[in-house]
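As a plain string of letters, each chain reads:
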Amino acid sequence: MSNPAASRPALSTPLFEPAQRPRIWALSISRLRDLFFDIAGEYVERADLRIVAHGFEDAVREVEAAGTGRPDVVIAGGSNGAYLKTRVSVPVVLIGPTGFDVMHALARARRDGAKVALVSHGDTPDEVRRFSAAYALDVTFASYQSAQDAESVVLDLRDRGIDVVVGPGLVTDLAANAGMGAVFLYSRASVRAAFDTALEVAQATRRETVRRQRLDNLLQHLRDGVVALDAQGRVEAMNQRLASVLGLDAANAVGRVLLELAPDLAGSLPDADGDTFCTVRGASYVVHRGPLASTGSAAGTVLTFQESRAVERLDRTLRSRQRVQQFSARYRLADIVGASESIERVRTLVKRYARSDATVLILGESGTGKEMVAQSMHQLSARRDFAFVAINCGAFPEALLESELFGYEEGAFTGARKGGKAGLIEVAHRGTLFLDEIGEMPLSLQSRLLRVLQEREVVRLGSTEPTRVDIRVVAATHRALTEGIEAGSFRADLYYRLNILSIALPPLRERPTDLLPLAVELLLQAAAREPRLAGRLPDAAAAEHLLAALDEPFRRYAWPGNVRELQNVIERIAVELADADALPQDSTEAVFTRDMLRTVAPEIVEPHARGRKAALSLRERSRHVEADEIRAALAAHDGDRDAVCEALGISKTTLWRKLNAAQ
Ligand SMILES: Nc1ncnc2c1ncn2[C@@H]1O[C@H](COP(=O)(O)OP(=O)(O)OP(=O)(O)O)[C@@H](O)[C@H]1O
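Residues numbered from 1 in each chain as written. Predicted model: local features only at pLDDT ≥ 70, side-chain atom pairs only at ≥ 80, totals over all residues. Heavy atoms only, no water.

The name that an unreviewed UniProt entry assigns to the protein chain is Sigma54 specific transcriptional regulator with PAS ssensor, Fis family, with the source organism given as Paraburkholderia xenovorans.

Set out below in structure tokens:
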């Protein structure tokens, strides 16, 4: 079996596709051309080879006229090669005679005549002189610099009695014309060596060209303006982006001093490596300066120009993203407990409205689960992968609510954070914005919110630039907004914008069948948080068994605080249960739990009993304890409400409510 790796070309000598073979031109107007033809056949597979019968200025013209079809490298000998080297824009490989060539040519010349001259372009190489001395050869050395020179050198040698001339093509052609003997200096080996070198140079040039093109492409694709400068501040490369910013032609800029091309930049570019702000033609840029090191030459500089606005926008997006992580919906539809007809209706509406993008108004007394419904709807909607942002419109003073909702630019007001801040409307982009207690929103903000709903754009405080937002708004209220409209505290047009779809949440007292299932679920949740209850309430059946005796007093109670109030009662029961040594296993159970209820919430068991006052004061006491705890946490967290909510495991709304409830 053949080994495929063996047939693979070595990496250092890549084989080019026919269309990509290096283009090599061999240029000569002398007998050198015959040698080119002789060995060209050996290279046709590896190069796109052309033998051109031109030399000197004609050859330069031919090469440059070829444009993109220009050779990658040219091969030439003698004075022609030296002439081309400084005049064509591609590398020139010179054919040089080997020591063997010289020896061989001189030996042949001696056979043809007694007096021999070796004519070389430029100075005669030292090794040739040494060789000739070592073998006591009687050889005259002569050299020429240009084609014109060559003729007079040859004629002079003839006049000096030289019989045979050894030299490059042009010299031997002239010698033959002058009736002298002529021995061509170059052998096949020296031409072959030149071809091999040309191939290597061409391949390296090709690789370099490809690399340069890639780099150039990369440079052109950058959204920032980029310029590379040499140690003297001259442009080595500039991308189109920066050329447009500076109003320059990128190609013409290369080789010229940047500050002469764009004098406006003088004084505003960074002096050392780092960043600075600079204004170009009315727009502000963040300019970064970095070193451009290259071996063998003084270090240059690379400057990148980033539009300040783009940096700001990016910063905004990043900040928003970070905040989005804090804004996610915890509740799902399955968390909504209850099998009553009214709760089933709520579930149906949540599912239906989740498919729509229209604004929803949720109506319901405090603690009926309005936020839970809003979160469930978000979770079921196509926006579920984006933020669910909730804000209690009654929980903040007007100025704070405004900056929280709409965000602000740096310097918009005293104390405005550096870099500004995205408002919650922006944070909710592509997600849901839940405006709790919308009825409490101050009138001035109602107008701004209305504009956001109409235009789907938000303008930060202190800014004039609107930012597009794609949000779904869900608002909630515990009081009839129509009353607010009549009282002049709520805008009618905003009400109609909000009340497109609506869900009314029934108070707990209107769905007595949900009481026990809710109590069971809440007790299991409380037990899960209470290590002393671990294992003592293994499942819903055990919890239901324990709470069954409370169903009847629960049904008689009005639950003004709805599910939240029930939650508090169950929480207290859980604490009592945790304190009790063991749960009763027999018929004393009902007495046990009712007694417990009487202790933790006497107002439920005996609504009109004397104990009510005491019970209320008990509730008040617990509220104060909670509020004190929250205040202590706020002090410990330097007033950072988010941190406090995180630490205490409560929502911002709850935090606000608990603080207010104890007032
Ligand atoms: N049907 C339900 N099933 C389970 N838990 C519920 C249900 N309804 C409400 N809750 C719980 O009651 C508490 C209050 O719910 P939520 O905060 O959603 O009410 P709200 O109507 O938004 O209250 P407020 O108007 O006071 O802000 C939450 O802890 C929630 O988990």
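Around the ligand, the surrounding shell holds 19 residues, and the nearest of these are Tyr331, Val337, Ser366, Lys370 and Arg657. Here Asp436 contributes a side-chain N or O atom positioned 3.2 Å from an oxygen atom of the ligand. Among the elements of the structure, α15 (370–380), α24 (562–579) and α29 (652–661) are those that each provide at least two residues to the shell around the ligand. Residues that form the shell around the ligand fall into these classes: six nonpolar, six polar and seven charged. Both domains that furnish three or more residues to the shell around the ligand are identified here as domain 4 (325–506) and domain 5 (509–661). (Near = heavy atom within 4 Å. Polar contact = N/O pair within 3.5 Å; in protein donor to acceptor, adjacent residues only side chain to side chain. Helix = DSSP H or I, 4+ residues; strand = E, 2+ residues; numbered from the N terminus. Nonpolar A, V, L, I, M, F, W, Y, C, P; charged D, E, K, R; others polar. Domains from an automatic or database assignment.)

Quick look at helix α6 (residues 126–134) now. Residues Val128, Phe131 and Ser132 constitute the buried set of α6. One face of α6 carries all of its buried residues, which in axial projection span an arc of 95°. Turned more than 90 degrees away from the buried face of α6 sit Glu127, Arg130, Ala133 and Ala134, all of them exposed. (Buried < 20%, exposed > 50% of the residue type's maximum accessible area, 1.4 Å probe, protein only. Arc of directions from axis to C-beta.)

One non-glycine residue with positive phi stands out, namely Phe56, at about 50°. Positioned with a positive phi, Glu437 is a non-glycine residue whose angle comes to about 50°.

Moving on to the confidence of the model for the protein chain. Averaged over all residues, the pLDDT of the protein chain equals 84, while 88% of them reach at least 70. Of all helices and strands in the protein chain, the one with the weakest mean pLDDT is helix α1 (residues 4–7) (38), whereas strand β14 (residues 360–363) scores best (97). Every residue in residues 1–15 is under pLDDT 50, and counting partners more than four places away or in other chains gives five contacts. Every residue in residues 609–616 scores below 50 in pLDDT, and together they form five contacts with partners more than four places removed in sequence or on other chains. (pLDDT = per-residue confidence, 0-100. Contact = heavy atoms within 4.5 Å.)

Bringing the packing of aromatic side chains into the picture now. Under the defined criterion, the tally for this structure stands at nine aromatic pairs. Taken together, a centroid distance of 5.1 Å and an interplanar angle of 40° make the contact between Tyr43 and Phe195 tilted. Residue Tyr43 is found in the loop between α2 (32–40) and β2 (48–52), and its partner Phe195 is found in helix α9 (residues 188–221); the two are separated by 152 residues along the sequence. Just as Tyr43 is buried, Phe195 falls in that class too. (Phe/Tyr/Trp six-rings, centres within 6.5 Å; stacked < 30°, edge-to-face > 60°.)

Judged from the seven bridges that link them, strand β11 (residues 274–280) and strand β12 (residues 283–292) form a sheet pairing that is antiparallel. Counted as the bridge partner of Phe277 is Val286 from β12. Once β11 ends, the chain turns through two residues before running back antiparallel as β12, passing Arg281 with a positive phi of about 45°. The sheet contact formed by β12 and strand β13 (residues 300–307) spans eight bridges and is antiparallel. Within β13, the position partnered with Val286 by the bridge is Gln306. (Pairing = 2+ DSSP bridges.)

Taken as a whole, α2 has its buried residues at Leu32, Leu35, Phe36, Ile39 and Ala40. Along the axis of α2, the buried residues cluster in a sector spanning 130°; they form a single face. Considering only its buried residues, α2 is in contact with β1 (23–27), β2, β3 (73–77), β4 (92–95), β8 (181–184) and α9.

Next up on the list: the pattern of salt bridges. Under the criterion given, the structure shown has 29 salt bridges. For Glu344, the salt bridge goes to Arg347, with nearest N and O atoms at 3.4 Å. Residue Glu344 and its partner Arg347 are both found in helix α14 (residues 341–354); the two are separated by three residues, about one turn of the helix. A relative accessible area of 36% means that Glu344 is categorised as partly exposed. With relative accessibility at 13%, the residue Arg347 sits in the buried group. Residue Lys421 is joined to Glu404 by a salt bridge in which the shortest nitrogen-to-oxygen separation is 3.4 Å. (Salt bridge = Lys/Arg side-chain N within 4 Å of Asp/Glu carboxyl O.)

Read across the sheet, five strands follow the order β15-β18-β21-β14-β22 without closing on themselves; strand pairing throughout is parallel. Strands with a single pairing partner mark the edges of an open sheet, and in this sheet they are β15 (388–392) and β22 (501–504). On average, adjacent strands in this sheet sit at an angle of 15° to one another, irrespective of strand direction. Packed on one face of the sheet, α14 meets β14, β21 (472–477) and β22 and runs near 160° to β22. On the sheet, α15 packs against β14, β15, β18 (432–436), β21 and β22 and is oriented at approximately 170° with respect to β18. (Axes fitted to C-alpha atoms, helices over the stretch in contact; angles between N-to-C directions.)

Attention now goes to the nonpolar core. One finds Ile425, Leu435 and Ile438 to be the most contacted residues of the largest nonpolar core, which totals 36 residues. Only β15, α16 (398–406), α17 (424–427), β18, α18 (443–455), β21 and α20 (492–498) provide two or more residues apiece to this core. With five residues, α18 is the single largest residue contributor to this core. In this structure Ile438 touches Leu361, Cys393, Leu449, Ala475, Ala476, Thr477, Leu481, Phe490 and Leu498, once residues within four positions along its chain are discounted. In this structure, Leu508, Ala527, Val600 and Ala601 belong to the second largest nonpolar core, which totals 33 residues. (Core = buried A, V, L, I, M, F, W, Y, C linked by side-chain atoms within 4.5 Å.)

Moving on, we get to the sheet that holds strand β9 (residues 225–229). Paired through their backbone hydrogen bonds, the strands of a sheet run either parallel or antiparallel. Read across the sheet, five strands follow the order β10-β9-β13-β12-β11 without closing on themselves; strand pairing throughout is antiparallel. Two strands close off the open sheet at either side, each with one partner strand: β10 (235–238) and β11. On average, adjacent strands in this sheet sit at an angle of 25° to one another, irrespective of strand direction.

What follows covers the pairing of β15. Counting buried positions over the five residues of β15 gives four, a clear majority of the element. In this sheet, β18 lies alongside β15 in parallel orientation, the contact comprising five bridges. Residue pairing for β18: Ala390 is matched across the bridge by Phe434.

With respect to the helices, strands and loops of the structure, Arg460 is situated in the loop between β19 (457–459) and β20 (466–468). On the basis of relative accessibility, which here comes to 3%, the residue Arg460 falls in the buried class. Sequence-wise, Arg460 and Glu402 are 58 residues apart; in three dimensions their C-alpha atoms are separated by 9.5 Å. There is a polar contact of 2.9 Å between the side chain of Arg460 and the side chain of Glu426.

To continue, consider the packing of α14 against α15. When two helices pack together, their arrangement is given by the angle between the helix axes and the distance between those axes. Taken N-terminus to C-terminus, the directions of α14 and α15 make an angle of 45°; their axes are 8 Å apart at the nearest point. In terms of orientation, α14 and α15 fall into the oblique class. Where α14 crosses over α15, the two elements pack in a sense that is right-handed. Facing α14, whose interface residues are Val346, Val350, Lys351, Tyr353 and Ala354, α15 presents Val373, Ser376, Met377 and Leu380. Across the contact of α14 with α15, the residue classes break down as seven nonpolar, one polar and one charged. (Parallel < 35°, antiparallel > 145°, perpendicular 65-115°, else oblique. Left-handed = near helix turned anticlockwise from the far one by under 90°.)

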